[in-house]
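In case you want the letters, here they are:
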Amino acid sequence: MLRQPLVAANWKMNGTLSENQGLISDIKSGLASDLSTEIVICPPYPYLPEIQRLLDGCGIQLGAQNVSEHESGAYTGEVSVSMLKDYGCTYVIVGHSERRNIYGESDHVVAEKFKMVVSCGMVPILCLGELLDEREAGITEEVVSRQLLEVINIAGIDSFENAVIAYEPVWAIGTGLTATPEQAEEVHAFIRLQLARHSDSIADRIKILYGGSVKADNAAELFSRADIDGGLIGGASLIATDFLTICQSTR
Ligand code: 13P
């Protein structure tokens, strides 16, 4: 199955109003007009309206980095799916390892968030990935399938119809230590196999992105693997030329 590649920028907690304007303008002007790759930019919450305005009509999609699992109400500091939708988000990252490990989001909460995003008609980018000690203990597959299964159990396999998965080994995030294309492909294929146990067609169609120190000089090799459909890019997405090279590397 030929899946349309996707490259998503996760800006994390970076940027300023004026830096963002320069970055978006450089990305827009450097983007090849015939690029068939889907591109998503996920800025911090406060910048969503501004980035929505800057991206208007250029074909790049807007995404958020997180969302509440609740619909509305007394949840100080939280942001709901309908608020994200109001500002033109079509994608929402859920279960990023920084949310899981720094803010203690459990598999269960991540699954509730995933379900909420789907119910609002947006596309969740579900992050899965093992810690360094889990990889060293040889339990990568166990960890990734536990994280995935919780979402399948809570949200149902059909909710993956319009979802994206990102495999992000935690030890490769922001460390410059990229998984080798072989290591990444092995886990991507494993994730697809787990999904196929529930639905062959979903397993076949779902995009699985790789994230973790994807750079301009290693993207093409990663993206050339059969089960790697694009990337979720942190640091390198803040540098227009690097991000553009990564986007072109999906060809
Ligand atoms: P880096 O590309 O900075 O390693 O971050 C990856 C990531 O966490 C994307 O969500």
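This text follows the structure it describes.
These figures come from a predicted structure and were not determined experimentally.

**Q** Please give an account of the environment of alanine 137 that cites residues and values.
**A** For alanine 137, the position within the fold is in the loop between helix H6 (132–136) and helix H7 (140–155). Residue class for alanine 137 comes out exposed when judged on its relative accessible area of 53%. Each C-alpha atom, one on alanine 137 and one on valine 214, is 24 Å from the other, the two residues being 77 residues apart in sequence.

**Q** Requested: an account of the packing of H7 against helix H8 (residues 181–196), with residues and values cited.
**A** Running from amino to carboxyl end, H7 crosses H8 at an angle of 40 degrees, the nearest separation of the two axes being 10 Å. Taken as a pair, H7 and H8 cross one another with a handedness that is right-handed. Residues Thr140, Glu141, Val144, Ser145, Leu148 and Ile152 of H7 form the contact with H8, whose participating residues are Val187, Phe190, Ile191, Gln194 and Leu195.

**Q** If you had to explain the sheet that holds strand E2 (residues 38–42) to someone new, which residues and values would you point to?
**A** The strand order around the closed barrel formed by 8 strands is E1-E2-E3-E4-E5-E6-E7-E8, and the pairing between neighbours is parallel. For this sheet, the mean angle separating the axes of adjacent strands, direction not counted, is 25 degrees. Across the sheet, helix H2 (residues 48–55) lies against strand E3 (61–64) and strand E4 (89–94), angled at about 165 degrees from E3, the strand it touches most. Strands E4 and strand E5 (123–128) of the sheet are contacted by helix H5 (residues 107–119), whose axis makes an angle of about 160 degrees with E5.

**Q** Could you give an account of the site of the ligand, with specific residues and numbers?
**A** Taken together, Asn10, Lys12, His96, Glu168, Ala172, Ile173, Gly174, Gly212, Ser213, Leu232, Gly234 and Gly235 make up the full set of residues near the ligand. Contact distances for the ligand include 3.0 Å between an oxygen atom and a side-chain N or O atom of asparagine 10. With respect to the ligand, the side chain of glutamate 168 contributes an N or O atom lying 2.9 Å from an oxygen atom. Relative to its free-state accessible area of 300 Å², the ligand is covered by the protein chains to the extent of 97%.

**Q** Describe the nonpolar core, naming the residues involved and giving the relevant values.
**A** Counting 66 residues, the largest nonpolar core has Phe160, Ile191 and Leu195 as the members making the most contacts within it. Apart from residues lying up to four places away in sequence, leucine 195 is in contact with Leu148, Ile152, Ile157, Phe160, Ile165, Ala203 and Ile206. One finds Leu6, Ala8, Cys42 and Val164 within the second-largest nonpolar core, a separate group that totals 13 residues.

**Q** Can you break down the side chain of arginine 192 residue by residue, with the values?
**A** With respect to the secondary-structure elements, arginine 192 resides in helix H8. A residue is classified by how much of its surface remains accessible, and arginine 192, at 9% relative accessible area, is buried. At 2.7 Å, the side chain of arginine 192 forms a polar contact with the backbone oxygen of isoleucine 206. The contact partners of arginine 192, leaving out residues within four places of it in the chain, are Arg3, Ala203, Asp204, Ile206, Ile208, Asp227 and Asp229.

**Q** Which residues make up the layout of surface pockets, and what are the values?
**A** Here the largest pocket is characterised by a volume of approximately 400 Å³. What lines the largest pocket is a set of 14 residues, and nearest its centre among them are Lys12, Met13, Gln65, Arg99 and Tyr103. Among the elements that line the lining of the largest pocket, the one with the most residues is helix H4 (residues 97–102), at 3 residues. Residue composition of the lining of the largest pocket, by class: 7 nonpolar, 4 polar and 3 charged.

**Q** So what's going on with the packing of aromatic side chains? Which residues, and what values?
**A** This model, assessed by the stated rule, comprises 2 aromatic pairs. Ring centres of tyrosine 167 and tyrosine 210 lie 6.3 Å apart, and the angle between their planes is 55 degrees; this geometry places the pair in the tilted category. Here tyrosine 167 is found in strand E6 (residues 164–167), whereas its partner tyrosine 210 is found in strand E7 (residues 207–211), with 43 residues between them in sequence. Residue class for tyrosine 167 comes out buried when judged on its relative accessible area of 0%. On the accessibility criterion, tyrosine 210 (0% relative accessible area) is buried.

**Q** Describe unusual backbone geometry, listing the residues and the values that go with them.
**A** Backbone geometry places lysine 12, a non-glycine residue, at a positive phi of 55 degrees. Its location among the elements puts lysine 12 in the loop between strand E1 (6–10) and helix H1 (17–30). Even without a glycine there, the phi angle at serine 213 is positive, about 55 degrees. Judged by relative accessible area, serine 213 falls into the buried class, the value being 8%.

Quick notes on the rules
Residues numbered from 1 in each chain as written. Predicted model: local features only at pLDDT ≥ 70, side-chain atom pairs only at ≥ 80, totals over all residues. Heavy atoms only, no water. Helix = DSSP H or I, 4+ residues; strand = E, 2+ residues; numbered from the N terminus. Buried < 20%, exposed > 50% of the residue type's maximum accessible area, 1.4 Å probe, protein only. Axes fitted to C-alpha atoms, helices over the stretch in contact; angles between N-to-C directions. Left-handed = near helix turned anticlockwise from the far one by under 90°. Contact = heavy atoms within 4.5 Å. Pairing = 2+ DSSP bridges. Near = heavy atom within 4 Å. Polar contact = N/O pair within 3.5 Å; in protein donor to acceptor, adjacent residues only side chain to side chain. Areas by Shrake-Rupley, 256 points an atom, 1.4 Å probe, with all protein chains shown as cover. Core = buried A, V, L, I, M, F, W, Y, C linked by side-chain atoms within 4.5 Å. 1 Å grid on protein atoms, 1.4 Å probe; cavity = no way out; pocket = protein on both sides within 12 Å on 5 of 7 lines; lining within 4 Å. Points joined across faces, edges and corners; volume = space filled by probe spheres on them. Nonpolar A, V, L, I, M, F, W, Y, C, P; charged D, E, K, R; others polar. Phe/Tyr/Trp six-rings, centres within 6.5 Å; stacked < 30°, edge-to-face > 60°.

Without other data, these values stay purely geometric and don't point to any function.
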